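# Structure assessment
The lines below spell out each chain.
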Amino acid sequence: MSIFTPTNQIRLTNVAVVRMKRAGKRFEIACYKNKVVGWRSGVEKDLDEVLQTHSVFVNVSKGQVAKKEDLISAFGTDDQTEICNCLYFETLSEV
């Protein structure tokens with residue numbers, strides 16, 4: 001008898017959620033709390049160190065990833081990294 005362990009599940013810990021509402025939809029990205037503070041103060045320079053994942057979510061806590069059509073209608077692209085940059089620079093985070 002074997003125990004099933006999901007291998008595709010990613011646990012996000014120490015999460016600071018950055019939210020933005022655009023085109024009537026809410027988008028979120030997951031960041032590290034301590035790195036967000038460092039980024040805001042200018043200590044941290046690399047955005048890859050701040051982001052937990054380069055995915056754009058509708059709801060981070062439930063793990064609901066934003067639909068491609070919604071991303072294109074709101075941002076004009078479906079490039080997740082570019083949208084993460086846009087979200088991070090245009091919003092205030094909740095730490």
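For the structure itself, look to the data block above.
This write-up is about the structure you can find in this document. Sequence order as written defines the numbering, with residues in each chain counted from 1. Restriction of local features to residues with pLDDT of at least 70 applies here, the model being predicted, together with a cutoff of 80 or more for giving and counting side-chain atom pairs; totals for whole chains, interfaces and linings are based on all residues. To get the side-chain values, all heavy atoms of the structure are used, and hydrogens and water are removed first.

Turning our attention to the overall build of the protein. In this description a helix means any DSSP run of H or I spanning at least four residues, a strand means any run of E spanning at least two, and both kinds are numbered starting from the N terminus. From N to C terminus, the protein includes four helices and five strands. The linear arrangement of helices and strands in the protein, starting from the amino end, is β-β-α-α-β-β-α-α-β. With a 1.4 Å probe rolled over the protein chains alone, any residue whose accessible area is under 20% of its type maximum counts as buried; one over 50% counts as exposed, and the rest are partly exposed. In the protein, which comprises 95 residues, the share counted as buried stands at 35%. Any pair of residues with heavy atoms lying within 4.5 Å of one another is described as a contacting pair. Intrachain contacts of the protein at a sequence separation of at least 6 include 53% that bridge at least 24 residues. Here, Shrake-Rupley sampling with a 1.4 Å probe gives the accessible areas, and only protein chains in the shown set may cover a residue. Summed over all atoms, the accessible surface of the protein reaches about 6,300 Å², with 50% contributed by carbon and sulfur.

Another aspect to go through is the pattern of salt bridges. For salt bridges, the criterion is a side-chain nitrogen of Lys or Arg within 4 Å of an Asp or Glu carboxyl oxygen. Inspection of the entire model under this criterion finds four salt bridges. One salt bridge connects Lys 35 with Glu 44, and the closest N-O pair in it is separated by 3.4 Å. The partner of Lys 68 in a salt bridge is Asp 78, and the shortest N-O contact between them spans 3.3 Å. Here Lys 68, found in helix α3 (residues 68-75), pairs with Asp 78, found in the loop between α3 and α4 (80-90); they are 10 residues apart in sequence, far enough to count as distant. In this structure Lys 68 comes out as exposed when scored by relative accessible area, which is 51%. What you see here is one network of salt bridges that share partners, running through Arg 19, Arg 26 and Glu 28.

Although it is not a glycine, Ala 23 adopts a positive phi angle of roughly 55°. Mapped onto the secondary structure, Ala 23 falls in the loop between β1 (15-22) and β2 (25-32). By relative accessible area, which is 56% here, Ala 23 ends up exposed.

Moving on: the nonpolar core. Among the buried residues, those of types Ala, Val, Leu, Ile, Met, Phe, Trp, Tyr and Cys that are joined through side-chain atoms within 4.5 Å form a nonpolar core. Residues Phe 27, Ile 29, Cys 31, Val 56, Phe 75, Leu 87 and Tyr 88 are the most contacted members of the largest nonpolar core, which totals 21 residues. Setting aside anything within four residues of it in sequence, one finds Leu 87 in contact with Val 18, Met 20, Phe 27, Ile 29, Val 56 and Phe 75.

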